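Reading the structure
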Amino acid sequence: SQQGEEDPQALSIQEGENATMNCSYKTSINNLQWYRQNSGRGLVHLILIRSNEREKHSGRLRVTLDTSKKSSSLLITASRAADTASYFCATDGGYSSASKIIFGSGTRLSIRP
Amino acid sequence: DAGVIQSPRHEVTEMGQEVTLRCKPISGHNSLFWYRQTMMRGLELLIYFNNNVPIDDSGMPEDRFSAKMPNASFSTLKIQPSEPRDSAVYFCASSGLVDRETQYFGPGTRLLVL
């Protein structure tokens, strides 16, 4: 069963606007990750946030984590056409092995030129 | 450095045939994962290995699926006999001892069973 659920399932915005995607999960976690998947490609790791962190930045990406609400958000600022992709959150479900992660259903982001 | 390598990239076969998917993880990585992605079920973890040993195969759909990792640089996922509902994109991913939470995905094998 999926641990994370992204919201919205699909998002279409104008180039230059900010895109926000949300992820909710069910069990305690050690960390949460966000991945991107371009059409026809494998997933690419974007950013990891640990359970003791509340916010993390990487370039135009900003991730927040609220463990009390079991939720995370991914903000992409100043969106570009190349940001068109599906975005997945992934959690470790608190597994001690730190190897197994469970992916959500993803948000399909479309950037209109 | 080469990333995760998967072969074939595309496979079309007829129901009942054996299908073998191959994966070469990133050199030095000690964990390897097989996933299946479909529109209906999303991305599902089938099985993963640590140091060539299968750790969790609870995601393998049924006995028709089997996976092996004979050495640190090669793994196979076999479906025998294949069925149309096995049609999906199969991804292999690997992770290492450093930054072990991050998984690096291959390009996937798109399987169509007729």
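Data block above holds the structure.
Residues numbered from 1 in each chain as written. Chains lettered and ligands numbered in written order. Predicted model: local features only at pLDDT ≥ 70, side-chain atom pairs only at ≥ 80, totals over all residues. Heavy atoms only, no water.

A word on the overall build of chain B. The helix and strand tally for chain B stands at zero helices and 11 strands. Scaling as 2.2 N^0.38, a compact globule of 114 residues should have a C-alpha radius of gyration of about 13 Å, and chain B matches this with 13 Å. Sorting the 114 residues of chain B into buried and exposed places 50% on the buried side. Restricting to contacts in chain B with at least 6 residues of sequence separation, those with at least 24 account for 54%. (Helix = DSSP H or I, 4+ residues; strand = E, 2+ residues; numbered from the N terminus. Rg over C-alpha atoms; globule rule 2.2 N^0.38 Å. Buried < 20%, exposed > 50% of the residue type's maximum accessible area, 1.4 Å probe, protein only. Contact = heavy atoms within 4.5 Å.)

Below, the discussion takes up the layout of surface pockets. Considered as a void within the structure, the largest pocket measures approximately 720 Å³ in volume. If you trace the largest pocket, you find 29 residues lining it, with Gln-37, Ser-86 and Phe-88 of chain A together with Gln-37 and Met-39 of chain B closest to the centre. It is strand E9 (residues 85-91) of chain A that contributes the most residues to the lining of the largest pocket, three residues altogether. (1 Å grid on protein atoms, 1.4 Å probe; cavity = no way out; pocket = protein on both sides within 12 Å on 5 of 7 lines; lining within 4 Å. Points joined across faces, edges and corners; volume = space filled by probe spheres on them.)

With that out of the way, let us pick up the packing of aromatic side chains. Counted by the stated rule, this structure contains eight aromatic pairs over all chains. On the numbers, 5.8 Å between centres and 80 degrees between planes, the contact of Phe-103 of chain A with Phe-105 of chain B is edge-to-face. Pair noted here: Phe-103 of chain A is in strand E10 (residues 102-103) and Phe-105 of chain B is in strand E10 (residues 104-105), and the two residues belong to different chains. Exposure class is identical for Phe-103 of chain A and Phe-105 of chain B. Each is buried. (Phe/Tyr/Trp six-rings, centres within 6.5 Å; stacked < 30°, edge-to-face > 60°.)

Quick look at the state of the cysteines now. Residues and elements named next belong to chain B. The tally for this structure, following the rule as stated, stands at two disulfides over all chains. A sulfur-sulfur separation of 1.8 Å characterises the disulfide bridge that pairs Cys-23 with Cys-92. Between Cys-23 and Cys-92, the S-S torsion sits near -65 degrees, and that sign places the bridge as left-handed. On the criterion of sequence distance, the pair formed by Cys-23 in strand E3 (residues 19-24) and Cys-92 in strand E9 (residues 88-95) is long-range, its members being 69 residues apart. The pair formed by Cys-23 and Cys-92 is uniform in burial state, with each residue classed as buried. (Disulfide = S-S within 2.5 Å.)

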